[in-house]
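In case you want the letters, here they are:
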Amino acid sequence: MAECTLAKSILIIGAGEEQIPAYIRAKERGLTVIGSDIKSDAPGLEFADHKIIASTRDPQKTREAACVFADNVLPINGVMTIANDVPLTVATVAYALKLPSISLEAAQCAQDKLLMKRAFIKHDVFCPWFTEITCLEELIFHTKERDQHYFVLKPVDGRGARGVLLIDGDIDLAWALSEARRWGESGKLILERFIHGTQLSTESFILNGKIYTPAIAERNYARMQEFKPNIIEDGGTIPALLTSTQKEDIDDLLLKAAKAMGIGEGIIKGDLIIDQSGKPAVIELAARLSGGWFASHQIPAASGVDLVDAVISYALGERIDIAQLTPSTSKATAIRYWFPPPGRIHNIAGLEILDNDSHILKYGFFRKSGDLQPKIKMHPDRLGFVITVADSRDEAIRIAEKKMNEVIITIA
């Protein structure tokens, strides 16, 4: 059980829709919640007792604002985020206020895919081949065998699949270079070998040198051909189809990858792939709670483990019991997304079908009637989602697909 923390406060970096579960959980624990976001009307701030207006992408501005707040309004006892790839912002604030966090060096590594992959290679962590790309000539040279091998080109600091492109024999490399580069802040690009296999999402907590992974999701990339060269995920399913040996190998690999990055404790989110030999490889590792309602909804429903609560405790420097990280139930969950054609949304009908089904854990839409639906090029372009829970994996998938087909989306 969580300790009583009535007198404590926590700063949550980011106040978008996917951060709201952390605000709610913190309020349930009796904490004073401080929210930060560049938008003063960000939806999560409605759940905050205080707000700090600063870009989550600007570590120094957020640090300055947090220090002023702590000195003049209220001491800050912890800082965290969820569904927001800003580990350096969290670590910078924590360092300034002497709060629990990963190191600044580890946060830098988590935020730059090249630094991350170089750390993996240095410490013999199995990951796909990669190289930095600085010009078209380098891209042409390294993909000269692209008729035989696929590659992935992406910004080193990209988010939400922005600028993530599949490089095959059909793509215009000059266009790909320009397109990938425009979605990153630094302009730096990384090229990776695309490995065919089962892609996984993991969420783990490292505590006292051991790793706890309550659930692993199998990522759904069944629509690769439809959206290529953009690489778009259509949700995922818990449990992933893995052997007990593979699960052990995944935990060993995740712990090794975290240590390579300088992370010895706390939350890590993994993107992995099981290659054709059955061996896991790390694609990326994030030092945060995941988005897409994976940490906040799917994992608790599937395993009974509340990682959001564990991260709050960690941020506050409180003791975490192993029982908090140990599954107490075994259910299946699935999340799938709507991908309508581009155009103006005329109507979304049939939501009562979702409201009246006990298998629906959560659903939502990112746009409404009258809004423009863009062409699908990145994850924020997806229209909405549905998450189901059931006793079996097949049933969770079947219900998700059935319910999504029963909702009628009209594009004018």
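Residues numbered from 1 in each chain as written. Predicted model: local features only at pLDDT ≥ 70, side-chain atom pairs only at ≥ 80, totals over all residues. Heavy atoms only, no water.

1. A short note on the sheet that holds strand β9 (residues 198-207)
- Read from one edge of the open sheet, eight strands run β13-β12-β9-β10-β11-β14-β18-β16, paired in antiparallel fashion. The outermost strands of the open sheet, each flanked by one partner alone, are β13 (280-286) and β16 (360-365). Recorded for the sheet is a direction-independent mean angle of 25 degrees between the axes of neighbouring strands.
- Strand direction decides the pairing type here: strand β11 (residues 236-238) and strand β14 (residues 332-338), joined by three bridges, are antiparallel. Within β14, the position partnered with T237 by the bridge is A334. (Pairing = 2+ DSSP bridges. Helix = DSSP H or I, 4+ residues; strand = E, 2+ residues; numbered from the N terminus. Axes fitted to C-alpha atoms, helices over the stretch in contact; angles between N-to-C directions.)

2. Some thoughts on the pairing of strand β12 (residues 266-274)
- Most of β12 sits out of view: nine of its nine residues are buried.
- In this structure, β9 lies alongside β12, joined through nine bridges in antiparallel fashion. Paired with I206 across the strands is G266, a residue of β12.
- In sequence, β12 turns back onto β13 through a hairpin of five residues, with G278 there showing a positive phi of about 90 degrees. (Buried < 20%, exposed > 50% of the residue type's maximum accessible area, 1.4 Å probe, protein only.)

3. Thoughts on the environment of Q246
- By the secondary structure assignment, Q246 is in helix α9 (residues 244-261).
- Along the chain, Q246 and P280 lie 34 residues apart, while their C-alpha atoms are 7.5 Å from each other.
- Once residues lying within four places of it in the same chain are set aside, the contact partners of Q246 are L241, I274 and G278.
- Here T243 takes part through its backbone nitrogen, which lies 3.0 Å from a polar atom of the side chain of Q246. (Contact = heavy atoms within 4.5 Å. Polar contact = N/O pair within 3.5 Å; in protein donor to acceptor, adjacent residues only side chain to side chain.)

4. Quick word on the sheet that holds strand β1 (residues 9-13)
- Pairing is parallel across the open sheet formed by four strands, whose spatial order is β3-β2-β1-β4. Both edges of this open sheet fall to β3 (50-53) and β4 (79-81), since each of them pairs with a single strand only. The sheet shows a mean angle of 25 degrees between the axes of neighbouring strands, direction not considered.
- For strand β2 (residues 32-37) and β3, the ladder comprises four bridges, and the chain directions are parallel. Of the residues in β3, the one forming a bridge with S36 is I52.
- Helix-sheet contacts for helix α2 (residues 59-72) involve β1, β2 and β3, and the interaxial angle to β3 is about 145 degrees.
- Helix α3 (residues 87-97) contacts β1 and β4 of the sheet and is inclined by roughly 175 degrees relative to β4.

5. Overview of the pattern of salt bridges
- For the structure shown, the criterion picks out 32 salt bridges.
- Note that R29 is salt-bridged to D309, the shortest N-O span being 2.9 Å. You can see R29 sitting in the loop between α1 (20-28) and β2 and its partner D309 sitting in helix α11 (residues 307-315), a full 280 residues away along the chain. As far as burial versus exposure is concerned, R29 and D309 are alike and both buried.
- The structure contains a network of salt bridges with shared partners spanning K8, R25, E28, R29, D306, D309 and E318. (Salt bridge = Lys/Arg side-chain N within 4 Å of Asp/Glu carboxyl O.)

6. Looking at the nonpolar core
- Ranked by size, the top nonpolar core spans 36 residues in total, and within it I10, M80, F205, L289, L307, I312 and L325 carry the most contacts.
- If sequence neighbours within four positions are ignored, F205 has contacts with K210, I211, Y212, G266, I267, L307, A310, V311, Y314, I320 and L325.
- Counting 33 residues, the second largest nonpolar core, distinct from the first, contains L88, F120, A240 and I263. (Core = buried A, V, L, I, M, F, W, Y, C linked by side-chain atoms within 4.5 Å.)

7. What about helix α10 (residues 294-303)?
- For α10, a buried count of nine out of ten residues is recorded, marking the element as mostly surrounded by other parts of the structure.
- Every buried residue of α10 is accounted for by F294, A295, S296, H297, Q298, I299, A301, A302 and S303.
- Count one or two residues on from α10 and you reach G304, which has phi positive near 85 degrees.

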